[in-house]
Amino acid sequence: MKLLRETLTNFKGIRDYTFSPQGGSVSVSGDNGSGKTSLLDGFLWVLLDRDSAGHRDFELKTLDASGAAIPMLEHSVEIDIEHQGRRRLQRLQAAPVGG
């Protein structure tokens with residue numbers, strides 16, 4: 001399986017980010033809290049409905065500068081993958097909560 005693109009929107013603190021490895025081999029590195037695990041969690045959430053620790057009930061919420069959850073945000077992850085020569089686009093979203 002090749003990951004062509006992954007887009008996170010309001011997912012685990014990432015407001016809007018697109019990662020585009022275009023099917024290539026990549027290495028993801030960065031400071032603690034920069035979003036490395038969130039990229040993996042988003043990918044696994046779409047494919048397996050779980051995070052990287054195997055949990056189904058993990059937090060999707062995006063926090064404001066003070067650490068409070070921002071209400072009424074739609075959380076989504078979209079992945080574009082190629083598997084066995086076929087391209088597939090998958091998107092998973094969670095409805096807004098709070099308000």
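Refer to the structure printed above.
Since the model is a prediction, treat every value here as computed from it, not as a measurement.

**Student:** Hey, could you go over the pattern of salt bridges for me, with residue numbers and the actual values?
**Tutor:** Tallied over the full model, the rule gives six salt bridges. The partner of R56 in a salt bridge is D49, with the nearest N and O atoms 3.6 Å apart. On the basis of relative accessible area, D49 is assigned to the partly exposed category, the value being 34%. Across the salt bridge formed by D80 and R87, the nearest N and O atoms sit 2.5 Å from each other.

**Student:** Requested: an account of the side chain of T62, with residues and values cited.
**Tutor:** By the secondary structure assignment, T62 is in the loop between α1 (36-48) and β3 (75-83). Reaching out from T62, the side chain makes a polar contact with the backbone oxygen of N10 at a distance of 3.3 Å. Ignoring sequence-local partners within four residues, the contact set of T62 consists of N10, F11, K12, G13, I14, R15, A68, A69, I70, L73 and H75.

**Student:** Quick rundown of α1? Include the residues and the values.
**Tutor:** Compared with an ideal rise of 1.5 Å per residue, which puts 13 residues at 18 Å, α1 spans 18 Å between its outermost C-alpha atoms and is within 8% of the ideal. Check the buried side of α1 and you find it contacts β1 (2-11), β2 (14-19), β3 and β4 (86-94).

**Student:** Can you break down the sheet that holds β4 residue by residue, with the values?
**Tutor:** Pairing in this open sheet of four strands is antiparallel, and the strands run β2-β1-β3-β4 from one edge to the other. Edge positions in the open sheet fall to β2 and β4, since each of these has one partner strand only. Each adjacent strand pair in this sheet contributes to an overall mean axis angle of 10°, direction not counted. Sheet analysis places β1 next to β2, joined by five bridges and oriented antiparallel. Bridging from a neighbouring strand, E6 pairs with F19 of β2. Sheet strands in contact with α1 are β1, β2, β3 and β4, and its direction is about 100° off that of β1.

**Student:** Tell me what's going on with the nonpolar core, and back it up with residues and numbers.
**Tutor:** It is characteristic of soluble globular proteins that their nonpolar side chains tend to be buried jointly. One finds F11, W45, V77 and I79 to be the most contacted residues of the largest nonpolar core, which totals 16 residues. Elements represented by at least two residues in this core include exactly β1, β2, α1 and β3. The leading source of residues in this core is α1, at five residues. Setting aside residues up to four positions removed in sequence, F11 forms contacts with S38, D41, G42, W45, F58, L60, T62, H75, S76 and V77.

Calculation notes
Residues numbered from 1 in each chain as written. Predicted model: local features only at pLDDT ≥ 70, side-chain atom pairs only at ≥ 80, totals over all residues. Heavy atoms only, no water. Salt bridge = Lys/Arg side-chain N within 4 Å of Asp/Glu carboxyl O. Buried < 20%, exposed > 50% of the residue type's maximum accessible area, 1.4 Å probe, protein only. Helix = DSSP H or I, 4+ residues; strand = E, 2+ residues; numbered from the N terminus. Polar contact = N/O pair within 3.5 Å; in protein donor to acceptor, adjacent residues only side chain to side chain. Contact = heavy atoms within 4.5 Å. Expected span 1.5 Å × (residues − 1). Pairing = 2+ DSSP bridges. Axes fitted to C-alpha atoms, helices over the stretch in contact; angles between N-to-C directions. Core = buried A, V, L, I, M, F, W, Y, C linked by side-chain atoms within 4.5 Å.

So yeah, pure geometry; function would need other evidence.
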